[in-house]
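In case you want the letters, here they are:
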Amino acid sequence: MGFWDTLLGRSKPVRPDLDQLFGLPSAAITLQAAIGFTPTGAGSVCFASIEGGAFTQVQQEVRALLDVDSERTGAPVEFSRDGYGYSWLLSHRAPDDLPALVGDLHAVNTALQDSGFGPQLLCSLVSFHDAELRSLALVYLYKRGTFYPFAPLPGHKRDNPLELQVKAVIKDDLRIEQELSRWFPLWGAPGL
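Numbers given for residues are sequential positions, taken from 1 along each chain in its written order. Whole-chain, interface and lining totals are the exception, using all residues; otherwise, since this is a predicted model, local features are given only for residues with pLDDT of at least 70 and side-chain atom pairs are given and counted only at 80 or more. The side-chain values count all of the structure's non-hydrogen atoms but skip hydrogen atoms and water molecules.

### As for the nonpolar core
Reasoning step 1: Here, nonpolar core refers to any group of buried Ala, Val, Leu, Ile, Met, Phe, Trp, Tyr and Cys residues whose side-chain atoms link them within 4.5 Å. Throughout this description, buried means an accessible area under 20% of the type-specific maximum (1.4 Å probe, protein chains only), exposed means over 50%, and partly exposed covers the range between. Counting residues in hydrophobic clusters, the biggest one holds 52 residues, and the most contacted among them are Leu-31, Leu-112 and Leu-138.
Reasoning step 2: Contacts are assigned to residue pairs that have any heavy atoms within 4.5 Å of one another. If sequence neighbours within four positions are ignored, Leu-112 has contacts with Val-45, Phe-47, Phe-55, Val-58, Leu-89, Phe-117, Gly-118 and Leu-121.

Put into structure tokens, the structure is as follows:
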């Protein structure tokens with residue numbers, strides 16, 4: 001960063017660090033011990049919609065990459081588009097196999113990034129629930145390199161006290177997004 005950038009208050013954007021995703025299993029242990037949330041086995045990657053043959057090729061490569069896993073049953077990844085026009089890739093694993101799910105999300109993000117679609121990547125999420133079946137997602141913001149909790153309630157409402165509690169609980173496990181205005185709601189996200 002140069003002198004003028006410092007003087008004018010500009011900062012370099014944080015480079016995405018997909019290896020941050022590997023902190024999720026540790027955060028899951030902390031969440032379970034502290035407030036009783038456990039992984040559901042579902043995780044998603046969201047990106048701005050991409051059309052054309054290049055993306056079709058990437059879809060096929062991702063599917064082939066995740067098909068290699070002999071322990072997986074069913075489709076390796078589901079592709080969908082939400083009501084806002086964003087594309088999602090959803091992966092399912094056994095709830096107790098969070099490291100494999102994180103590996104899937106990392107592989108999908110890396111495949112998209114390496115194929116030149118990095119600027120379209122928005123976020124990844126892993127979903128959790130507790131004994132009362134409350135939903136929670138830990139969301140990784142690709143362009144910020146940070147995580148935040150998202151706890152949806154019926155009627156497009158959020159459980160803000162739970163989100164702040166989760167932030168406090170996992171602050172030593174994951175790099176938390178400090179700007180609360182960037183804790184975007186992910187209504188209807190696949191897997192949540």
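### Points about the environment of Gly-85
Reasoning step 1: A run of DSSP states H or I qualifies as a helix once it reaches four residues; a run of E qualifies as a strand once it reaches two. Both are numbered from the N-terminal end. Here Gly-85 shows up in the loop between strand 2 (78-81) and strand 3 (86-92).
Reasoning step 2: Placed 37 residues apart in sequence, Gly-85 and Ala-48 show a C-alpha to C-alpha distance of 7.6 Å.

### Looking at the sheet that holds strand 1 (residues 38-48)
Through backbone hydrogen bonds, the strands of a sheet pair up, either in parallel or in antiparallel fashion.
Reasoning step 1: Here a strand pair is declared whenever DSSP counts at least two bridges between the two strands. On the basis of which strands lie adjacent, the open sheet formed by six strands has the order 2-3-1-4-5-6 and antiparallel pairing. Edge strands, defined here as strands with exactly one partner in the open sheet, are strand 2 and strand 6 (146-150). Pairs of neighbouring strands in the sheet enclose a mean axial angle of 25°, with direction left out of account.
Reasoning step 2: Set on the sheet, helix 2 (residues 24-35) makes contact with strand 1, strand 4 (121-129), strand 5 (135-141) and strand 6; between it and strand 5 the angle comes to about 150°.
Reasoning step 3: Where helix 5 (residues 160-170) meets the sheet, its contacts fall on strand 5 and strand 6, and the angle it forms with strand 6 comes to roughly 140°. An axis is simply a line fitted to the C-alpha atoms; with a helix, the fit covers only the stretch in contact. Between two such axes, the angle follows the N-to-C directions and lies from 0 to 180 degrees.

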